[in-house]
Amino acid sequence: MKISGNTFIVTGGASGLGEATVKTLVEQGGNAVILDVNEDGAKRLAQELGENRVLAAGKVDVTQEDEVAQALALAIKQFGRLAGAILCHGILDASPSITGYGPGNALTSYDQLKYVSNVNFLGAYNVAQKVADILIKQEHMTDDGERGVIIMVTSIAGLDGCILAYGTSKAAIAGLVLPFARELAPYGIRVMGIAPGAFDTPMTQVLPKEFNAAAVHLQLYPKRIGQAQEFSSLVSLILDNVMLNGSVIRLDAGTRMFQ
Ligand SMILES: NC(=O)c1ccc[n+]([C@@H]2O[C@H](COP(=O)([O-])OP(=O)(O)OC[C@H]3O[C@@H](n4cnc5c(N)ncnc54)[C@H](O)[C@@H]3O)[C@@H](O)[C@H]2O)c1
């Protein structure tokens, strides 16, 4: 799927990995539609990059069906059609223990689990399902019959069984990739996942320094935190390469997390 001239939904596009994705899409000639609860951040980025290329769709909570549907309708109104979505929204919850006696001794309450799962996992499902419904109904765009690409952002915490509420919500997102890829394949829509390790974004900048240092220590090479453009360049590669489908790619400098 070429980026130039095409339009992509970016959830969480007002900050961090989503913001870098929006910038890369625009640099490569594409358009981006930001779905984010951070309305001001989205507006600021759209003004910086050009409102003809970036649509800040207002305050959009990915867990709200009507808000997402309205934002997608705005996107179609401005750009005519979509070529995919990159789901970069997310919240971090660092309560790692089931009982309160486990790692970190910080009990994860049932309410916390529900809250984090709702935003990270159900929000991803909500947007992916609605975008898929639009892509299916559009004409194909390439000789391969491609109609679009959906990229889910999970985390190595989800794949390696770490950080209970956050990690399980991210494992559930990774679990969406193959079912979506199978169901959408007949329509020429690819679905991929990216599982980042530690990246330097507002999400990790608020963590204690020792936490990020410990994450970097687990990396094989290079021993430094990832930069957001290193994430968005993988997004660009996935969009470009039609053979990538149904997998989750670790982007983690060789990290394997443990509690
Ligand atoms: N930064 C890392 O080290 C890292 C590592 C692994 C995975 N990730 C994942 O990458 C994605 C991007 O993270 P980031 O580091 O850029 O974080 P970030 O905090 O900089 O950006 C997340 C964005 O999601 C938005 N958001 C939160 N809840 C929302 C909701 N209900 N509806 C719409 N938007 C919402 C926020 O407003 C924010 O703009 C997240 O899914 C995160 O879990 C990040």
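Just so we're clear, the structure is a prediction, and the values are computed from it rather than from any experiment. (Residues numbered from 1 in each chain as written. Predicted model: local features only at pLDDT ≥ 70, side-chain atom pairs only at ≥ 80, totals over all residues. Heavy atoms only, no water.)

1. Focus on the site of the ligand
Logical step 1: If you check the shell around the ligand, you find 28 residues, and the closest are Ser15, Asp36, Tyr166, Lys170 and Thr201.
Logical step 2: Within the backbone of Val37, an N or O atom sits 3.4 Å from a nitrogen atom of the ligand.
Logical step 3: Here Asp61 contributes a side-chain N or O atom positioned 2.9 Å from a nitrogen atom of the ligand.
Logical step 4: Mapped by element, the contributors of at least two residues to the shell around the ligand are helix H1 (16-27), helix H6 (164-184) and helix H7 (202-205).
Logical step 5: Ranked by residue count, the leading element in the shell around the ligand is H7, at three residues.
Logical step 6: Looking at the shell around the ligand residue by residue, the class counts come to 14 nonpolar, eleven polar and three charged. (Near = heavy atom within 4 Å. Polar contact = N/O pair within 3.5 Å; in protein donor to acceptor, adjacent residues only side chain to side chain. Helix = DSSP H or I, 4+ residues; strand = E, 2+ residues; numbered from the N terminus. Nonpolar A, V, L, I, M, F, W, Y, C, P; charged D, E, K, R; others polar.)

2. A few points about the packing of helix H3 (residues 65-79) against helix H4 (residues 110-137)
Helices that pack against each other are described as a pair by the angle of their axes relative to one another and the distance between those axes.
Logical step 1: The interhelical angle for the contact between H3 and H4, taken along N-to-C directions, is 40 degrees, at an axis separation of 10 Å. Relative to H4, H3 is oriented so that their crossing is right-handed. In contact with Glu65, Val68, Ala69, Leu72 and Ile76 of H3, H4 contributes Asn126, Val127, Lys130, Val131 and Ile134.
Logical step 2: A per-class count over the contact of H3 with H4 returns seven nonpolar, one polar and two charged. (Axes fitted to C-alpha atoms, helices over the stretch in contact; angles between N-to-C directions. Left-handed = near helix turned anticlockwise from the far one by under 90°. Contact = heavy atoms within 4.5 Å.)

3. Brief notes about the sheet that holds strand S1 (residues 7-11)
Logical step 1: Strand order in the open sheet formed by seven strands is S3-S2-S1-S4-S5-S6-S7, and the pairing between neighbours is parallel. A strand with exactly one partner marks an edge of an open sheet, and here the two such strands are strand S3 (54-59) and strand S7 (248-251). Pairwise comparison of adjacent strand axes, ignoring direction, gives a mean angle of 20 degrees for this sheet.
Logical step 2: Running over the sheet, H1 touches S1, strand S2 (31-36), S3, strand S4 (84-87) and strand S6 (189-196) and is turned about 170 degrees from S1.
Logical step 3: Helix-sheet contacts for H3 involve S1, S2 and S3, and the interaxial angle to S3 is about 155 degrees. (Pairing = 2+ DSSP bridges.)

4. Here we look at the environment of Asn52
Logical step 1: Mapped onto the elements of the fold, Asn52 is located in the loop between helix H2 (39-49) and S3.
Logical step 2: Given a relative accessible area of 58%, Asn52 falls into the exposed group.
Logical step 3: C-alpha of Asn52 to C-alpha of Phe79: the two residues are 27 residues apart in sequence and 9.0 Å apart in space.
Logical step 4: Dropping the residues within four chain positions of it, Asn52 is found in contact with Asn31, Gln78 and Phe79. (Buried < 20%, exposed > 50% of the residue type's maximum accessible area, 1.4 Å probe, protein only.)

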